[in-house]
Amino acid sequence: ASVLASLFKAVGYSAEESPLDALPAPVSSLLARLHSYTHFSDFEKDARERLRGTGLEPHIERLLEAHANQTQALVLLPLLHEANATENLWAGGMGPSVRKLPWEKAAQSTIKALMKHPHSVYFRDPVKNPEAMGIPDYLERIQRPMDLSTIRNKMYKRKIGSREEMCSLVRLIAHNALTYHTLDTSPVRHHAVSFLALFEFEYLPTLMMAGTKLEPRDQTAAAKSKASAEAASSHEGGDGGDGGPENGTRWMQQCRRIVRLMNRHRMAQQLSECVSEQYREAARVTKQLDVLQSFRFGSNMAWFDELLVRLDPGHPLGFPSPTEFREAVREGLKLASDSHRSLVRS
């Protein structure tokens with residue numbers, strides 16, 4: 001977490017946006033795996049491999065050397081809970097008479113899980129007495145304070161209208177911590193990185209998938225709507241409604257979530273590296289390097305990282321539509337199926 005906090009500073013990231021959208025793909029991948037590393041040496045090896053050829057090698061080497069052989073847990077600063085206590089306004093959920101939407105139920109579970117996690121200890125309650133907590137200028141420097149209790153209470157009063165708004169408020173917590181606590185040695189900064197990784201890559205995929213399945217009573221209407229859209233698109237010579245900047249951004253976000261969900265598999269790194277090696281071996285055999293293969297050779301990226309990079313709207317080798325993305329995923333899985341058949345099936 002300390003190394004990643006320093007990398008955030010090097011690339012100018014302060015958690016205002018999703019790390020998948022704002023961080024370089026290799027750094028985002030390290031953040032995604034933060035809670036799966038069992039020893040610092042595992043992170044050290046992964047960081048060197050993923051950041052090779054990105055221009056961040058001097059930073060990562062300096063940081064890894066400074067943190068070598070560290071195995072202790074995140075350090076906690078003493079907190080004055082009496083001076084910072086808040087009332088629990090979540091006693092009755094959203095109230096018995098209110099029917100919660102699927103995403104609201106998932107959001108409630110997400111906030112509860114975050115509040116129970118030890119790395120959210122600094123972010124559970126609002127800063128009511130900054131002087132007693134040793135941060136007297138906090139409310140002057142942070143214009144929009146935010147904490148998990150405040151988000152929880154907003155949900156109780158139904159003042160959060162969408163899951164995107166809820167996500168932006170959770171990211172605001174990490175943003176405020178990274179903005180105020182700028183020292184690389186600050187435990188609060190380290191906890192903010194861990195908190196962000198926990199939310200973005202452990203709980204957010206489930207939250208974003210909540211309520212995406214159609215209810216049975218809506219299937220007929222949805223099928224008719226889909227048929228009408230497809231007919232209109234074929235009449236206009238379109239590609240199935242993927243065009244337009246807004247739709248293009250939306251399907252790319254969905255594709256990123258797919259990659260992120262695959263990346264959570266316990267064998268994801270092994271599969272990703274296997275597919276990359278299969279691509280390189282195929283290029284060696286044919287001895288023909290097209291533009292895409294040259295990109296793969298030059299970047300030294302694992303397959304999942306490459307997919308995320310190519311989902312950038314401005315990338316010259318980006319996917320023009322969901323169809324190309326789907327085919328690229330299937331092609332990669334097919335390449336790895338000979339040696340990792342059970343893993344690919346999973």
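Of regular secondary structure, the chain possesses 17 helices and zero strands. Looking at the 346 residues of the chain, the share that counts as buried comes to 44%. Taking contacts inside the chain between residues at least 6 apart in sequence as the whole, the part at least 24 apart equals 72%. Within the structure as shown, the chain displays about 18,900 Å² of accessible surface, and the carbon and sulfur contribution to it stands at 52%.

Inspection of every chain in the model, using the stated rule, returns eight aromatic pairs. Between the aromatic rings of phenylalanine 123 and phenylalanine 195, the centroid separation amounts to 5.1 Å while the plane-to-plane angle is 50°, which identifies the pairing as tilted. Of this pair, phenylalanine 123 sits in the loop between helix H6 (102-116) and helix H7 (138-141) while phenylalanine 195 is found in helix H10 (residues 187-209), placing the two residues 72 residues apart along the sequence. Phenylalanine 195 shares its class with phenylalanine 123; the two are buried. Site record: aromatic cluster; members linked through ring pairs are Tyr37, Phe40 and Phe43.

Turning to the confidence of the model for the chain, a few remarks are in order. With 75% of its residues at a pLDDT of at least 70, the chain reaches an overall mean of 77. Every residue in residues 79-97 is under pLDDT 50, and counting partners more than four places away or in other chains gives 35 contacts. Below pLDDT 50 for its whole length, residues 212-246 participates in 14 contacts with residues either more than four positions away or in separate chains.

Before going further, it helps to spend a moment on the nonpolar core. For soluble globular proteins, the rule of thumb is that nonpolar side chains tend to be buried together. Of all hydrophobic cores here, the largest spans 79 residues; its most connected members are Leu4, Phe8, Leu31, Phe43 and Ile151. At twelve residues, the largest contribution of residues to this core is made by H10. Excluding residues within four positions of it along the chain, leucine 31 makes contact with Leu4, Phe8, Pro19, Leu23, Val193, Leu196, Ala197 and Phe201.

This brings us to the environment of glutamate 277. For glutamate 277, the location among the structural elements is in helix H13 (residues 268-286). A C-alpha to C-alpha distance of 9.3 Å links glutamate 277 and alanine 336, two positions 59 residues apart in sequence.

Spanning 15 residues, helix H16 (residues 322-336) covers 22 Å between terminal C-alpha atoms, matching the ideal 21 Å at 1.5 Å per step. Within the span of H16, buried status applies to Pro322, Phe325, Ala328, Val329, Gly332 and Ala336. Down the axis of H16, the sector holding all buried residues measures 125°, keeping them to one side. Every exposed residue of H16 that faces more than 90 degrees away from the buried side is listed here: Arg330 and Lys334.

Take the pattern of salt bridges next. Note that side chains of opposite charge can pair when their charged atoms are close. For the coordinates displayed, the defined rule picks out eleven salt bridges. The salt bridge involving aspartate 137 is made with arginine 141; its shortest N-O contact spans 3.8 Å. For the salt bridge of arginine 330 with glutamate 327, the shortest nitrogen-to-oxygen distance reads 3.6 Å. Here glutamate 327 and arginine 330 lie together in helix H16, a separation of three residues that amounts to about one turn.

What follows covers the packing of helix H1 (residues 2-11) against helix H5 (residues 57-66). Viewed as axis vectors pointing N to C, H1 and H5 meet at an angle of 155°, and their least axial separation amounts to 10 Å. Here H5 runs roughly antiparallel to H1, going by the angle between their axes. H1 and H5 meet at a crossing whose hand is right-handed. Contact residues: H1 offers Val3, Ser6, Leu7 and Ala10, while H5 offers His59, Ile60 and Leu63. Along the lines of polarity and charge, the residues of the contact of H1 with H5 split into five nonpolar, two polar and no charged.

This paragraph deals with the environment of glutamate 65. With respect to the element layout, glutamate 65 can be found in helix H5. On the basis of relative accessible area, glutamate 65 is assigned to the exposed category, the value being 65%. Sequence separation between glutamate 65 and glutamate 44 is 21 residues, and the spatial gap between their C-alpha atoms is 9.5 Å.

With that settled, the discussion passes to unusual backbone geometry. The phi angle at alanine 15 is positive, at roughly 70°, despite the residue not being glycine. Note that alanine 15 resides in the loop between H1 and helix H2 (19-22). Notably, arginine 158 is not glycine yet its phi reads approximately 55°, a positive angle. In this structure, arginine 158 sits in the loop between helix H8 (148-156) and helix H9 (163-180).

Parameters at a glance
Residues numbered from 1 in each chain as written. Predicted model: local features only at pLDDT ≥ 70, side-chain atom pairs only at ≥ 80, totals over all residues. Heavy atoms only, no water. Helix = DSSP H or I, 4+ residues; strand = E, 2+ residues; numbered from the N terminus. Buried < 20%, exposed > 50% of the residue type's maximum accessible area, 1.4 Å probe, protein only. Contact = heavy atoms within 4.5 Å. Areas by Shrake-Rupley, 256 points an atom, 1.4 Å probe, with all protein chains shown as cover. Phe/Tyr/Trp six-rings, centres within 6.5 Å; stacked < 30°, edge-to-face > 60°. pLDDT = per-residue confidence, 0-100. Core = buried A, V, L, I, M, F, W, Y, C linked by side-chain atoms within 4.5 Å. Expected span 1.5 Å × (residues − 1). Arc of directions from axis to C-beta. Salt bridge = Lys/Arg side-chain N within 4 Å of Asp/Glu carboxyl O. Axes fitted to C-alpha atoms, helices over the stretch in contact; angles between N-to-C directions. Parallel < 35°, antiparallel > 145°, perpendicular 65-115°, else oblique. Left-handed = near helix turned anticlockwise from the far one by under 90°. Nonpolar A, V, L, I, M, F, W, Y, C, P; charged D, E, K, R; others polar.

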